[in-house]
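If you want the building blocks of each chain, they are given just below.
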Amino acid sequence: MIKLNYKNTDEMVIGKENGLNIQEEFSAYKDTIAKIIADLNKRKDKPEQWLQWMNLGYNEETIWYVKEFASQVKGKFENILVLGIGGSALGGIAVTEALLKPYWNLLTPEQRNGLPRIFFLDNIDPDSITGLLSILDLKKTLVNVITKSGSTAETMSQFMIVKDLLEKELGSDYRNNIVATTDKKTGILRQISEQEGYKTFVVPDDVGGRFSVFSAVGLLPFALVGLDIDEIINGIKDMDLALKNTDINQNIAAQNALIHYLMDTKKGKNLSVMMPYSSRLKYVSDWYVQLWAESLGKNKDKDGNDVHIGPTPIKALGATDQHSQIQLYNEGPNDKVINFIRVNEFDNNLEIPKIFEYTGIGYLGGKSINQLINAEADSTRVALSDYNRPTITITLDKVDGYNVAQLLYMLEVQTAIAGELYNINTFNQPGVEQAKNYTYALMGRAGYEESAQALNAKMASV
Ligand code: PA5
């Protein structure tokens, strides 16, 4: 199981001004936390609670269909092209970057065991889209278009371009190169899929985009590139079981949620840095940024009060960002909680040769890069504690499906618990919808005429 070390948030380590009396706080919040966890687990099966993501590890039917489809198309495609944005892309990117061999798309087909390359288009930069489409042989590409709402302008505009090209290249057979992941019943992509006869997968009801990584949104691309779905599912289930424990002393998601909440509300530290010491986990930070920001950044609490709260997430990468951000973290404002992710065992042991022994870098020879990266994680943690800066270390034994699934699921539960502590709705995103609606208005979507008028008036002055 992954581990959480929060010693460096304790006042005994970083002083009373910046640290918490952890044992006292855990005791004070014992009942509140127990109630939150019990309540989440009670509400998770009820409709409209947006907690169905807690059941995704047990969705045997989807897991079976995903594996079945992946085995049907195995060997037929050279590329998987995922079209999606936000919660419809970030989990897929984070997990494939973590679990596929590094530089997967540059490996030969033999090195990939005949499995396809995978590309995510999660932006609407005309140059990068044109660039990618110019190198993919679309005849040999399976396009997985993912949008829960079925109407997101970024995703659907990409899809319109790609569908048009596919049809031009493949004639009426183009449908075999498209699989859509969207709402079961509603939305424009569902309507198009039915009219056109695409193969479809479902984003289940009551699962928000940023909590959808273990639905078909993530599982389908994972299966298509040969990731071990069972290993991922086992990771989720074991973590889910562990996090059902209502005792804060035994529940790492509750511990990290409470520490972040108290650091924000009592100590004024409302920035949450996610800093894995593993390049393979780099995009877990992007995924976490969305999860934490969209879930906790809210203007009203559940009682309708204006609160305008939310800790700001920041992404960083160890050791790279030691040479870019750590100066600020050590000596700038003491307003952050820094989450390190540390990996015990890397897949490779990379020795540094014993050369240049007569110079000042001779000490590195005979050590390994593995030692070096973890020494840097340890030394940065200690240096930050010298400056009384709170840090938390999440440790994974390995970067594999089991551990990465545990990590993501733990962070999801942590976010849900933090949302309850802040007393806000963790699962809505009116701020995202507002910008989406303005985009529809600007681009002339029917039904948005009034917004367009208001927007045009405002644009002159904003
Ligand atoms: O988490 C969310 O709800 C958002 O980030 C959505 O995932 C994102 O806006 C994309 O939405 P959709 O899947 O409807 O295209």
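You'll find the structure just up there.
Note that the coordinates shown come from a computational prediction; the quantities given were computed from them, not determined experimentally.

What follows is about the site of the ligand. S88, T147, S149, T152 and Q290 are the nearest of the 14 residues found near the ligand. Here an oxygen atom of the ligand and a backbone polar atom of R210 are 3.0 Å apart. In the model, an oxygen atom of the ligand is placed 2.5 Å from a nitrogen or oxygen of the Q290 side chain. In isolation the ligand has 380 Å² of accessible area, and contact with the protein removes 92% of it. When its residues are assigned to classes, the shell around the ligand shows one nonpolar, nine polar and four charged.

Within strand β5 (residues 178-183), six of the six residues are buried, which leaves it mostly tucked inside the rest of the structure. As paired elements, strand β4 (residues 141-147) and β5 share five bridges and run parallel to each other. Its bridge partner lying in β5, V143 is registered against I178. Since β5 and strand β6 (residues 199-203) lie parallel, the crossover through helix α8 (residues 188-196) that links them has a hand, and here it is right-handed.

Attention shifts here to the packing of helix α12 (residues 282-296) against helix α15 (residues 401-422). One way to put it is that α12 packs onto α15 with a least axis distance of 10 Å and a crossing angle of 20 degrees. Judged by the inter-axis angle, α12 sits roughly parallel to α15. For α12 against α15, the interelement crossing comes out right-handed. Residues V284, W287, Y288, L291, W292, S295 and L296 of α12 pack against L407, L408, L411, E412, Q414, T415, A418, G419 and Y422 of α15.

To continue, consider the packing of aromatic side chains. One pass over the full model with this rule turns up 13 aromatic pairs. Centroid distance Y29 to Y261: 6.5 Å. Interplanar angle 80 degrees. Geometry classified as edge-to-face. Here Y29 is found in the loop between α2 (22-28) and α3 (30-43), whereas its partner Y261 is found in helix α11 (residues 252-267), with 232 residues between them in sequence. The class of Y261 is buried, set by a relative accessible area of 16%. Where Y277 meets F340, the ring centres are 5.6 Å apart and the plane angle is 70 degrees; that geometry is what we call edge-to-face. Highlighted residues: Y277 in the loop between β7 (271-276) and α12 and F340 in strand β11 (residues 336-345), separated in sequence by 63 residues.

With respect to topology, five strands assemble into an open sheet ordered β3-β2-β4-β5-β6, the strand pairing being parallel. Each edge of the open sheet carries a strand with a single partner, namely β3 (117-121) and β6. Strand-to-strand twist across the sheet, computed as the mean angle between neighbouring axes with direction ignored, equals 20 degrees. As paired strands, strand β2 (residues 79-83) and β4 are joined by five bridges and run parallel to one another. Each residue of the ladder has a partner; that of N79, found in β4, is T141. Those strands touched by helix α4 (residues 60-73) are β4, β5 and β6, and its axis lies near 155 degrees from that of β6.

The subject of this paragraph is the pattern of salt bridges. By the definition in use, this model includes 21 salt bridges. One salt bridge connects E167 with K163, and the closest N-O pair in it is separated by 2.7 Å. Linking E167 with K163, this pair stays in helix α7 (residues 153-170), spanning four residues, or about one helical turn. Judged by its relative accessible area of 33%, E167 is partly exposed. Linking K336 and D335 is a salt bridge whose minimum nitrogen-to-oxygen distance equals 2.7 Å. Accessibility classification places K336 together with D335 in one group, the buried group. Each of E78, D137 and K140 takes part in salt bridges that share partners, so that together they form one network.

Each value, and the rule that gives it
Residues numbered from 1 in each chain as written. Predicted model: local features only at pLDDT ≥ 70, side-chain atom pairs only at ≥ 80, totals over all residues. Heavy atoms only, no water. Near = heavy atom within 4 Å. Polar contact = N/O pair within 3.5 Å; in protein donor to acceptor, adjacent residues only side chain to side chain. Areas by Shrake-Rupley, 256 points an atom, 1.4 Å probe, with all protein chains shown as cover. Nonpolar A, V, L, I, M, F, W, Y, C, P; charged D, E, K, R; others polar. Buried < 20%, exposed > 50% of the residue type's maximum accessible area, 1.4 Å probe, protein only. Helix = DSSP H or I, 4+ residues; strand = E, 2+ residues; numbered from the N terminus. Pairing = 2+ DSSP bridges. Right-handed = clockwise from strand over helix to strand, strands pointing away. Axes fitted to C-alpha atoms, helices over the stretch in contact; angles between N-to-C directions. Parallel < 35°, antiparallel > 145°, perpendicular 65-115°, else oblique. Left-handed = near helix turned anticlockwise from the far one by under 90°. Contact = heavy atoms within 4.5 Å. Phe/Tyr/Trp six-rings, centres within 6.5 Å; stacked < 30°, edge-to-face > 60°. Salt bridge = Lys/Arg side-chain N within 4 Å of Asp/Glu carboxyl O.

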